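# Observations on the three-dimensional arrangement
Here is how the chains run, residue by residue.
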Amino acid sequence: MSAKDIFHTVVRSALEKEGWTITDDPIYLKVDEDKLYVDLGAENNLLGAERYGQKIAVEIKSFLGLSLINNFHEAIGQAWNYKVVLAEQQPDRVLYLAVPEDIYEEFFTRRLAQMSVTRMQLNLLVFNPIKEEIILWT
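Residues numbered from 1 in each chain as written. Predicted model: local features only at pLDDT ≥ 70, side-chain atom pairs only at ≥ 80, totals over all residues. Heavy atoms only, no water.

### Structural notes on the overall build of the protein chain
The criterion, for reference: Only DSSP runs of H or I covering at least 4 residues are called helices, and only runs of E covering at least 2 are called strands; the numbering of each starts at the N terminus. Radius of gyration means the value over C-alpha atoms here, while the globule rule gives 2.2 Å times the residue count to the 0.38 power. Each residue is assigned to one of three classes by its accessible area relative to the maximum for its type, calculated with a 1.4 Å probe on protein chains only: buried under 20%, partly exposed between the two thresholds, exposed over 50%. The criterion used for residue contact is that any of the two residues' heavy atoms lie within 4.5 Å. Accessible surface is estimated by sampling points in the Shrake-Rupley manner with a 1.4 Å probe; for residues, cover comes only from the protein chains shown. We count Lys and Arg on the positive side and Asp and Glu on the negative side, and we leave His and both chain ends out. Every charge is mapped to an atom, namely NZ of Lys, CZ of Arg, CG of Asp or CD of Glu.
Scanning the protein chain from terminus to terminus reveals four helices and eight strands. Ordered by position from N to C terminus, the α and β elements of the protein chain give α-β-β-β-β-β-α-β-α-α-β-β. Taking 2.2 N^0.38 as the reference for a compact globule, 138 residues should give roughly 14 Å; the C-alpha atoms of the protein chain span a radius of gyration of 14 Å, in line with that estimate. Counting only residues that meet the buried cut, the protein chain has 44% of its 138 residues in that class. Long-range pairs, those at least 24 residues apart, make up 59% of the contacts in the protein chain between residues at least 6 apart in sequence. Just so you have it, the protein chain exposes about 7,700 Å², and 50% of that area is on carbon and sulfur atoms. Within the protein chain, one finds 14 positive and 21 negative side-chain charges whose respective centroids are separated by 3 Å.

### Details of the sheet that holds strand β8 (residues 133–137)
Put simply, the rule is: DSSP calls a pair of strands paired once it identifies at least 2 bridges connecting them. Simply put, an axis is a line fit to the C-alpha atoms, just over the touching stretch for a helix, and the angle between two N-to-C directions goes from 0 to 180 degrees.
Pairing in this open sheet of six strands is mixed, and the strands run β1-β4-β5-β6-β7-β8 from one edge to the other. With one partner strand each, in any of the chains shown, β1 (20–24) and β8 form the two edges of the open sheet. Taking the axes of each pair of neighbouring strands and ignoring which way they run, one obtains an average angle of 35 degrees across the sheet. Bridge count for strand β7 (residues 123–128) against β8 is four bridges, and the pairing is antiparallel. Note that in β8 the partner of leucine 125 across the bridge is tryptophan 137.

### Focus: helix α1 (residues 8–17)
Those residues of α1 lying buried are His8, Val10, Val11, Ser13, Ala14 and Leu15. Buried-residue contacts for α1 involve β1, β4 (40–44), β5 (55–60), β6 (93–100), β7 and β8. Immediately downstream of α1, the backbone of glycine 19 shows phi near 95 degrees, a positive value.

### Comments concerning helix α4 (residues 111–120)
As a reminder, the rule being used: The directions from the helix axis to the C-beta atoms form the arc being described.
Along α4, the residues classified as buried are Ala113, Val117 and Met120. Seen along its axis, α4 keeps its buried residues to an arc of 75 degrees; they face one direction. In α4, the exposed residues that point more than 90 degrees away from the buried face are Arg111, Thr118 and Arg119. Residues of α4 that are buried in the fold lie against α2 (68–89), α3 (101–108) and β7. In the stretch just after α4, glutamine 121 is the one whose phi turns positive, near 55 degrees.

Pasting the structure below:
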């Protein structure tokens, strides 16, 4: 299993603040001999909540490497594999890529990132790492 992202506990806390119950930490997926681990699985069981009953998978990325574009390529590739496997094995779960607010503002507002996210139909969860809050769901 891979190491947890430095923002793992931040995103987990932010989800719990919004009423999500963490069901998996991590979500284990297996395709033949390949083992995959999505950072978090959660379900919202708050009655009346906008996302009541929804199940999500969250892959957390810090984007702290030397190159944002390389970090992006890695995140998108990983997210694509998770999305494909989740669609087959847990189709009731929606995948989100969790990114820090500053990275979202600096990089995910660029045309390349927007084109890729749109084409891939990738959901983003933007969080503030200081406040441990979710800023935006897309």
